[in-house]
Amino acid sequence: MKAEVQTLEAKASGEVALSEAIFGVEPRADILQRMVTYQLAKRQAGTHKTKQRGEITGTTKKFGRQKGGGGARHGNRKSNIFIGGGKAHGPVVRSHAIDLPKKVRALALKMALSSKAKDGLVVVDSLSLKDAKTKVLKGHFDKAGWNGKVLVIDGESVDEGFKKAAGNLPGVNVMPAMGANVYDILNHDTLVLTREAVEKLEARFNG
């Protein structure tokens, strides 16, 4: 399949061939949902922690009479029913990551790229700017009609001038091809790929 290539100034710059096996896959909501769940679960820190009964500093000496006190026969102040006691069934440090086969993860990324190829994919020649300023880049975006949230993916590394200029534009995120992922692609209205990014993504699957 072919895609038109343009410059950042929204001028035509030829065509690029997109692999049908990567950009022409029919998206499935269940696969994409599983991948997004996998990503969000993996990024959770899992560092929340409360002290349980065995981790509280305190005496275990019996603090009341066995009988005649008018209450229950407690023998430990560290019990969870007392102020300052341990937390019963509280959160512990753990990983929230879940398993997802590598082939399913690769298929989900292909589906995410394919969904943008149908609506929301733009291919540019490169990200090099003559005048790497936020105001200038904002003008290019407005001229090209890139509104809302825009994800820009470059090749091996992101052009430094473009990265600095885009840093103050709200809703615009940039990353190298190696960082392309399902959640970020689906979470943006427009996906902008450079020629080099297309090559890197195809090599990522073919390699």
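Our structure is the block above this text.
About the thresholds
Residues numbered from 1 in each chain as written. Predicted model: local features only at pLDDT ≥ 70, side-chain atom pairs only at ≥ 80, totals over all residues. Heavy atoms only, no water. Helix = DSSP H or I, 4+ residues; strand = E, 2+ residues; numbered from the N terminus. Rg over C-alpha atoms; globule rule 2.2 N^0.38 Å. 1 Å grid on protein atoms, 1.4 Å probe; cavity = no way out; pocket = protein on both sides within 12 Å on 5 of 7 lines; lining within 4 Å. Points joined across faces, edges and corners; volume = space filled by probe spheres on them. Nonpolar A, V, L, I, M, F, W, Y, C, P; charged D, E, K, R; others polar. Pairing = 2+ DSSP bridges. Axes fitted to C-alpha atoms, helices over the stretch in contact; angles between N-to-C directions. Parallel < 35°, antiparallel > 145°, perpendicular 65-115°, else oblique. Left-handed = near helix turned anticlockwise from the far one by under 90°. Contact = heavy atoms within 4.5 Å. Expected span 1.5 Å × (residues − 1).

Asks: Looking at this model, I keep getting lost on the overall build of the chain. Mind explaining?
Replies: Scanning the chain for helices and strands turns up seven helices and six strands. The secondary structure elements of the chain, listed N-terminal to C-terminal, are β-β-α-α-α-β-α-β-α-β-α-β-α. The C-alpha atoms of the chain give 27 Å as radius of gyration, which overshoots the globular expectation for 207 residues (17 Å, by more than 25%). Over its C-alpha atoms, taken along the principal directions, the chain stretches across nearly 95 × 40 × 25 Å.

Asks: For this particular structure, what's the right way to read the layout of surface pockets?
Replies: Any empty space left between atoms is shown by rolling a water-sized probe over those atoms. Of the voids in this model, the largest pocket is the one considered here, and its volume is about 430 Å³. Taken together, 14 residues make up the lining of the largest pocket; nearest its centre are Lys102, Arg105, Ala106, Leu109 and Arg204. Contributions of two or more residues to the lining of the largest pocket are made by α2 (29-43), α3 (102-118) and α7 (195-206). Its residues assigned to classes, the lining of the largest pocket comprises eight nonpolar, two polar and four charged.

Asks: Hey, could you run me through the pairing of strand β2 (residues 12-17) in this one?
Replies: The side chains of a regular strand alternate, first on one face of the sheet and then on the other. One ladder, built from four bridges, connects strand β1 (residues 2-6) with β2; its direction is antiparallel. Pairing of Glu4 across the sheet is with Glu15, part of β2. Here β1 folds back onto β2 in antiparallel fashion, the turn holding five residues, of which Ala10 has a positive phi close to 65°.

Asks: Please explain the packing of α3 against α7 as it appears in this structure.
Replies: Geometry of a packed helix pair, given as the angle between the helix axes and the separation of the axes. Relative to each other, α3 and α7 sit at 150°, their axes nearing to 11 Å. Here α7 runs roughly antiparallel to α3, going by the angle between their axes. Helix-helix and strand crossings are classified by hand; for α3 and α7 the assignment is left-handed. Between α3 and α7, the residues in contact are Ala106, Leu109, Lys110 and Leu113 and Leu201, Arg204 and Phe205, respectively. Here the contact of α3 with α7 is composed, by residue class, of five nonpolar, no polar and two charged.

Asks: What should I look at first to understand α3 in this one?
Replies: Every α-helix winds through 3.6 residues per turn, so residues three or four apart in the chain are directed the same way. The first and last C-alpha atoms of α3 sit 25 Å apart over 17 residues, in line with the 24 Å expected at 1.5 Å per residue. Where the residues of α3 are buried, they touch α1 (20-23), α2, β3 (121-124), α6 (182-186), β6 (190-194) and α7.

Asks: Just to check I follow, could you spell out the packing of α2 against α3 for this structure?
Replies: Taken N-terminus to C-terminus, the directions of α2 and α3 make an angle of 110°; their axes are 9 Å apart at the nearest point. The orientation of α2 with respect to α3, classified from their angle, is roughly perpendicular. Of the two elements, α2 crosses α3, and the hand of that crossing is left-handed. In this structure, α2 uses Ile31, Leu32, Arg34, Met35 and Tyr38 to contact α3, whose residues at the interface are Val104, Arg105, Ala108, Met111 and Ala112. For the contact of α2 with α3, the residue count by class is eight nonpolar, no polar and two charged.

Worth remembering: the numbers are spatial, not functional.
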